[in-house]
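Chain and residue survey
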Amino acid sequence: MADVITGDFGTSREALAGLERVFGEAAGLRVGLRRIEAPHGDELQVTVGAQALSVPRPVAVVLANAAGEDEADRIGKAVLEALQLSEGLRKGPF
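Everything quoted here is computed from the prediction, not taken from an experiment.

This brings us to the environment of Leu 80. Looking at the element boundaries, Leu 80 is found in helix 2 (residues 66-91). Considered as a pair, Leu 80 and Val 31 are 49 residues apart in the sequence and their alpha carbons are 6.3 Å apart.

The next thing to look at is the pattern of salt bridges. Counted according to the given criterion, the structure contains six salt bridges. Note that Arg 21 and Asp 73 form a salt bridge whose closest N and O atoms lie 2.8 Å from each other. Here Asp 73 lies in helix 2 and Arg 21 lies in strand 1 (residues 21-26), a separation of 52 residues in the sequence. Taking the relative accessible area as the measure of exposure, Asp 73 reaches 19% and is therefore buried. If you follow the salt bridges from partner to partner, you end up with Glu 20, Arg 35 and Glu 69 in one network.

On to the pairing of strand 3 (residues 43-49). Counting buried positions along strand 3 gives seven out of seven residues, so the element sits mostly inside the fold. Residues Glu 43, Gln 45, Thr 47 and Gly 49 of strand 3 are buried on one face, and the alternating residues Leu 44, Val 46 and Val 48, pointing to the opposite face, are buried as well. Here strand 2 (residues 29-36) hands over to strand 3 after six residues, with Gly 41 in that stretch at a positive phi of 135°. In this structure, strand 3 lies alongside strand 4 (residues 57-63), joined through six bridges in antiparallel fashion.

Attention shifts here to helix 2. With 26 residues, helix 2 extends 38 Å from end C-alpha to end C-alpha; this agrees with the ideal 38 Å at 1.5 Å per step. Listing the buried residues of helix 2 in full gives Gly 68, Ala 72, Asp 73, Gly 76, Leu 80, Leu 83 and Gln 84. Buried residues along helix 2 sit against strand 1, strand 2, strand 3 and strand 4. Where helix 2 begins, one side-chain oxygen reaches toward the backbone nitrogen of Ala 67, 3.2 Å away; that side chain belongs to Asn 65.

Turning next to the sheet that holds strand 3. Strand order in the open sheet formed by four strands is 1-2-3-4, with antiparallel pairing between adjacent strands. Only two strands of the sheet have a single neighbouring strand rather than two, namely strand 1 and strand 4. Averaged over neighbouring strand pairs, the angle between their axes works out to 20° when direction is ignored. Where strand 1 meets strand 2, five bridges bridge the pair, whose relative direction is antiparallel.

The rules behind the values
- Residues numbered from 1 in each chain as written.
- Predicted model: local features only at pLDDT ≥ 70, side-chain atom pairs only at ≥ 80, totals over all residues.
- Heavy atoms only, no water.
- Helix = DSSP H or I, 4+ residues; strand = E, 2+ residues; numbered from the N terminus.
- Salt bridge = Lys/Arg side-chain N within 4 Å of Asp/Glu carboxyl O.
- Buried < 20%, exposed > 50% of the residue type's maximum accessible area, 1.4 Å probe, protein only.
- Pairing = 2+ DSSP bridges.
- Expected span 1.5 Å × (residues − 1).
- Contact = heavy atoms within 4.5 Å.
- Polar contact = N/O pair within 3.5 Å; in protein donor to acceptor, adjacent residues only side chain to side chain.
- Axes fitted to C-alpha atoms, helices over the stretch in contact; angles between N-to-C directions.

Take a look at the structure:
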């Protein structure tokens with residue numbers, strides 16, 4: 001398998017500062033997951049953030065249930081893979 005998603009599934013300083021999980025970093029951006037209390041029920045937000053942003057920007061929102069957690073995991077990995085592809089294209093030609 002040539003395409004490998006490089007993840008950082010630890011509890012880094014960023015994870016402790018509001019992110020439940022960090023999927024990884026690519027193209028200068030960090031992809032993470034945070035849980036938000038909402039009036040209709042808790043939400044999981046897949047976020048993209050950078051040093052210049054004080055708060056990571058949500059790119060996908062799902063309900064915080066078992067199905068939502070699976071979906072958020074798939075979305076987070078897909079966003080990270082897209083950023084890694086973008087970073088590879090920016091670094092040089094094929």
